[in-house]
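Secondary and tertiary structure notes
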Amino acid sequence: MQLTDGEDLHYAVLRAPIGICILDAGTLIAEIVNDKFLEVAGKPYNHIRGKFYWDAFAEIRERYEDALAGVVRTGEAYYADEVELMLIRHGREEMIFVTFVYSPIKDKTGTVTKVAVWVLENTKQVVERQMAETARVMAQKERDRLNRFFMQAPTGICIFDGPELVYELVNPTYQQLFPGRQLLGRALLDAVPEVRDQPIWDILQNVYRTGKTFEGYELLIPLARTDTGSIEERYFNFIYQARLNEKEQPDGILVFVIEVTDAVILRNRNMAERKIAEEKSAKLAAIIESSDDAIISKTLDSVITSWNDSAQRIFGYTADEIIGETIYKLIPPDRLEEEPQILSRIKSGERVEHFETRRLTKDGQLIDVSVTVSPLNDLGGNIIGLSKIARDITEQKLNETRKSDFIAMVSHELKTPLTSLNILLQVVGTKLKNNEDGFLATAIQKANIQVKRMTDMINGFLNVSRLESGKILIDKRTFQLDELLAEVIDEANLAGSMHRISFEPERPVSITADRDRISSVISNLIGNAVKYAPGGTGIEINCVVDNGKVVVSVKDEGPGIKPRDIERIFDRYYRVDADHTKHVAGFGIGLYLSAEIIHLHGGDIWVESENGRGATFYFSLPIAKP
Ligand code: ADP
């Protein structure tokens, strides 16, 4: 081949820093190929030189065949800028980027005779550019993420700049810790002056000076409210980390902070509550352990769940032996039905108090106990178990029996001399009838009253022991109750009562009962009113018929009876433990006997009293059918 401008030009083309390949426009056979072109093509010289171009570049023929043909046909150059090509270079497929031109070479008539292919590989630049772009996008993403993190972090984040600690950056969470305060751009002591005298200020300065990170845990920082200015105690967890400049010297502080006030307050409160609860239960445990009574708790299935020292002393079982066993272990065979009864009473909301019964000890002994059972409720008020307090009253029972026996015996022995004394007084009384000496007459009258009192008392004791041995007999006759009441009142007045006793019967009432015994009930009630109410006060007696019953009431203006005594006042030997009883003689059998007598008649006896406002005793009896 021949180039018009000679060897030098040819040489220049071959050495050019751009790939050049010159094709014959008719045959597309490569006539000149330079080194740079071979380098870009990645193919040996003889694969291209003298070969049909599309044989040499079969892998891109489809893509560019038309473009090349177009150049030959139209005489216009074809430019491809930084296109990505898949070339087979050195026997392997490679993706490269190239910029190339198919430029026509025309003869003098304007006919395209040759096509020059100019090519520059840009792979390195493109890849570098692409990498730079990716890096830029990634950096942007990273920045966005950081920004999002910063803006949305549930942790308060801020940056203090310089030794003055000027707020350089504040995220929304941090700002929320100081509602309504301008922080950004202000020095800490300006924006939050109340920290000046707090340890936190020294800590911050220390971090700035030393560069040492500080972690605070539940630190108390009193801060002012912006609205009211009042100081609030607030707690924070935080990290202060020094920001270092190029010289590795602190030039700011990075702060991460979380407010934990609510959690701390809640925990402190819980702790205080738990402490109170623990103290309470410790106290309770101490009381239970030191009690002289057996204190036992059990489930609704009667399984024992706790057992105190006294329970062990009274029943013989240790806690280890008995917890987990049923309470039936303690109940004698003939009283087994008591347990379900107690349970059903408790379930229906009743209380079981001072229930006297007998229980079995570990060594098989029967003991007398007084039992009080109460429900154990959960927080919702449901019964989840029972607590049982059992008092060993064996000794008390024995004492009562001894007392009764003794009183019965003494009373019996006293009766004979008293009867003689009574007869003697009667005789003396008759003999003195006409005597002038007024003193003797009064003395005899007084002696008679005392003898009667003594007789009543002794009869009372004898009645108790008769009652106990079931020997009391009721001798029923029909009589006028209102008349009997009037009689007893007369007697009381005769006996020198200092009270105003009033009685205005509504109408005559006739009943069928043991006149003597009902008389003793009435005289006991009036006697008590006289005994316990101060002299000069009134005693009001009533007798009302109501619904087939007659109700008699004795109302006084004495000290009254406390609620806790009301239930037990009709018990044998029960005396209220109070000042007013200390000075009044009595054995606590009057009301007991009265109650027994009334019950034997099918009636009821009860008392009403508001403490300190007098007492009203009532008894009711069925009325005889006409
Ligand atoms: P006594 O009077 O012999 O002690 P009672 O059985 O008659 O025995 O009475 C029992 C207790 O009830 C008394 O000790 C007293 O404390 C109390 N009591 C009885 N009647 C009255 C009353 N009218 N006012 C205040 N307390 C009373």
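Here the structure is a predicted model, which is why all the values come from computation and not from measurement. (Residues numbered from 1 in each chain as written. Predicted model: local features only at pLDDT ≥ 70, side-chain atom pairs only at ≥ 80, totals over all residues. Heavy atoms only, no water.)

This part takes up the overall build of the protein chain. Regarding its fold elements, the protein chain presents 20 helices and 22 strands. Radius of gyration (C-alpha) of the protein chain: 59 Å, far over the 25 Å computed for a compact globule of 626 residues. When each of the 626 residues of the protein chain is scored for burial, the buried share is 38%. Sequence separation of at least 24 residues holds for 50% of the intrachain contacts in the protein chain that already meet a minimum separation of 6. For the protein chain, the computed accessible surface area is about 37,100 Å², with 54% contributed by carbon and sulfur atoms. (Helix = DSSP H or I, 4+ residues; strand = E, 2+ residues; numbered from the N terminus. Rg over C-alpha atoms; globule rule 2.2 N^0.38 Å. Buried < 20%, exposed > 50% of the residue type's maximum accessible area, 1.4 Å probe, protein only. Contact = heavy atoms within 4.5 Å. Areas by Shrake-Rupley, 256 points an atom, 1.4 Å probe, with all protein chains shown as cover.)

Between its terminal C-alpha atoms helix 17 (residues 515–532) stretches 26 Å, which fits the 26 Å expected from 18 residues at 1.5 Å a residue. Of all the residues in helix 17, the buried ones are Arg-517, Ile-518, Ser-519, Val-521, Ile-522, Asn-524, Leu-525, Ile-526, Asn-528 and Ala-529. With a side-chain oxygen positioned 3.3 Å from the backbone nitrogen of Asp-516, the residue opening helix 17 is Asp-514. (Expected span 1.5 Å × (residues − 1). Polar contact = N/O pair within 3.5 Å; in protein donor to acceptor, adjacent residues only side chain to side chain.)

Further remarks concern the layout of surface pockets. Counted as a void, the second largest pocket has a volume near 750 Å³. Lining the second largest pocket are 23 residues, with His-354, Glu-356, Ser-370, Arg-568 and Asp-571 sitting closest to its centre. For the lining of the second largest pocket, the class distribution of residues is six nonpolar, four polar and 13 charged. When we break the lining of the second largest pocket down by domain, the ones giving at least three residues each are domain 3 (291–391) and domain 4 (400–622). (1 Å grid on protein atoms, 1.4 Å probe; cavity = no way out; pocket = protein on both sides within 12 Å on 5 of 7 lines; lining within 4 Å. Points joined across faces, edges and corners; volume = space filled by probe spheres on them. Nonpolar A, V, L, I, M, F, W, Y, C, P; charged D, E, K, R; others polar. Domains from an automatic or database assignment.)

With that settled, consider the sheet that holds strand 4 (residues 92–106). The five strands are arranged 2-1-5-4-3 in an open sheet whose pairing can be described as antiparallel. Edge positions in the sheet fall to strand 2 (30–33) and strand 3 (78–89), since each has one partner strand and no second. For this sheet, the mean angle separating the axes of adjacent strands, direction not counted, is 30°. When strand 1 (residues 19–24) meets strand 5 (residues 112–121), the two strands line up antiparallel, connected through six bridges. Bridging across to strand 5, Leu-23 finds its partner in Val-115. (Pairing = 2+ DSSP bridges. Axes fitted to C-alpha atoms, helices over the stretch in contact; angles between N-to-C directions.)

Another point: the pattern of salt bridges. Going through the model one piece at a time under the given rule, you end up with 35 salt bridges. The shortest N-O distance in the salt bridge between Arg-358 and Asp-368 comes to 3.1 Å. One end of the pair, Arg-358, is in strand 13 (residues 352–360); the other, Asp-368, is in strand 14 (residues 366–377), with 10 residues separating them in the sequence. Arg-358 sits in the partly exposed class, given a relative accessible area of 33%. Among the residues examined, Asp-368 registers a relative accessible area of 12% and is labelled buried. (Salt bridge = Lys/Arg side-chain N within 4 Å of Asp/Glu carboxyl O.)

A few words on the domain arrangement of the protein chain. We note that the domain assignment places domain 1 (9–121), domain 2 (153–259), domain 3 (291–391) and domain 4 (400–622) within the protein chain. When each unit is reduced to the centre of its C-alpha atoms, the spacing between domain 3 and domain 4 is 40 Å.

Let's shift gears to empty space enclosed by the protein. Within this structure, the stated rule accounts for four cavities of 30 Å³ or more. If you add up the space inside the largest cavity, you get close to 200 Å³. Taken together, 17 residues make up the lining of the largest cavity; nearest its centre are Tyr-174, Phe-178, Ile-200, Ile-221 and Tyr-240. Here the element with the most residues in the lining of the largest cavity is strand 9 (residues 231–244); it accounts for three residues. Partitioning the lining of the largest cavity into residue classes produces 17 nonpolar, no polar and no charged. For the second largest cavity, the calculated volume is near 130 Å³. If one sorts the elements of the lining of the second largest cavity by residue count, strand 4 sits on top with four residues.

Where helix 16 (residues 481–494) meets helix 17, the axes come as close as 10 Å, and the angle between the chain directions of the two elements is 50°. Here helix 16 lies oblique to helix 17, going by the angle between them. For the pair helix 16 and helix 17, the sense of crossing is right-handed. Two secondary-structure elements touch here, helix 16 through Leu-481, Leu-484, Leu-485, Glu-487, Val-488, Ile-489 and Ala-492 and helix 17 through Arg-515, Ile-518, Ser-519, Ile-522, Ser-523 and Ile-526. Residues of the contact of helix 16 with helix 17, tallied by class, amount to nine nonpolar, two polar and two charged. (Parallel < 35°, antiparallel > 145°, perpendicular 65-115°, else oblique. Left-handed = near helix turned anticlockwise from the far one by under 90°.)

Okay, the pairing of strand 6 (residues 156–161) next. With five of its six residues buried, strand 6 lies for the most part within the structure. Bridge count for strand 6 against strand 10 (residues 250–259) is six bridges, and the pairing is antiparallel. Note on strand 10: the bridge partner recorded for Ile-159 is Leu-254. Two elements, strand 6 and strand 7 (residues 166–170), share four bridges in a ladder whose sense is antiparallel. Paired with Phe-160 across the two strands is Tyr-167, which belongs to strand 7. The antiparallel pairing of strand 6 with strand 7 creates a hairpin that spans four residues between the two strands, and Gly-162 there sits at a positive phi of about 70°.

Turning our eyes to something else, we now look at the nonpolar core. Grouped together as the largest cluster of nonpolar side chains are 39 residues, with contacts concentrated most on Leu-481, Ile-518, Ile-522, Ile-526, Ile-541 and Phe-619. Apart from the residues within four sequence positions on either side, Ile-541 is in contact with Leu-485, Ile-489, Ile-501, Ser-502, Phe-503, Glu-504, Ile-526, Ser-553 and Val-554. Ranked by size, the runner-up nonpolar core spans 32 residues in total, among them Leu-28, Leu-68, Val-71 and Leu-85. (Core = buried A, V, L, I, M, F, W, Y, C linked by side-chain atoms within 4.5 Å.)

Applying the stated criterion across every chain, the model contains 16 aromatic pairs. Centroid distance Trp-307 to Phe-315: 5.8 Å. Interplanar angle 45°. Geometry classified as tilted. Taken together through their ring pairs, the aromatic side chains of Phe-37, Tyr-53, Trp-54 and Phe-57 make up a single cluster. (Phe/Tyr/Trp six-rings, centres within 6.5 Å; stacked < 30°, edge-to-face > 60°.)

The next subject is unusual backbone geometry. If you check the backbone angles, Glu-82 has positive phi at about 50° while not being a glycine. Taking relative accessible area as the criterion, Glu-82 reaches 30% and is therefore assigned partly exposed. A positive phi angle, close to 50°, is found at Glu-218, a residue other than glycine. Looking at the secondary structure, you find Glu-218 in strand 8 (residues 214–224). You can call Glu-218 partly exposed: its relative accessible area is 23%.

Whether parallel or antiparallel, the strands of a sheet pair through hydrogen bonds between backbone atoms. One open sheet accounts for five strands, arranged 7-6-10-9-8; its pairing is antiparallel. Looking at strand neighbours, the two that pair on one side only are strand 7 and strand 8, the edges of this open sheet. Strand-to-strand twist across the sheet, computed as the mean angle between neighbouring axes with direction ignored, equals 35°. As judged from the nine bridges shared by strand 8 and strand 9, these two strands associate in the antiparallel manner. By the bridge assignment, Ile-221 is partnered in strand 9 with Arg-234. Relative to strand 9, helix 9 (residues 199–210) is tilted by about 5°, and along the sheet it contacts strand 6, strand 8, strand 9 and strand 10.

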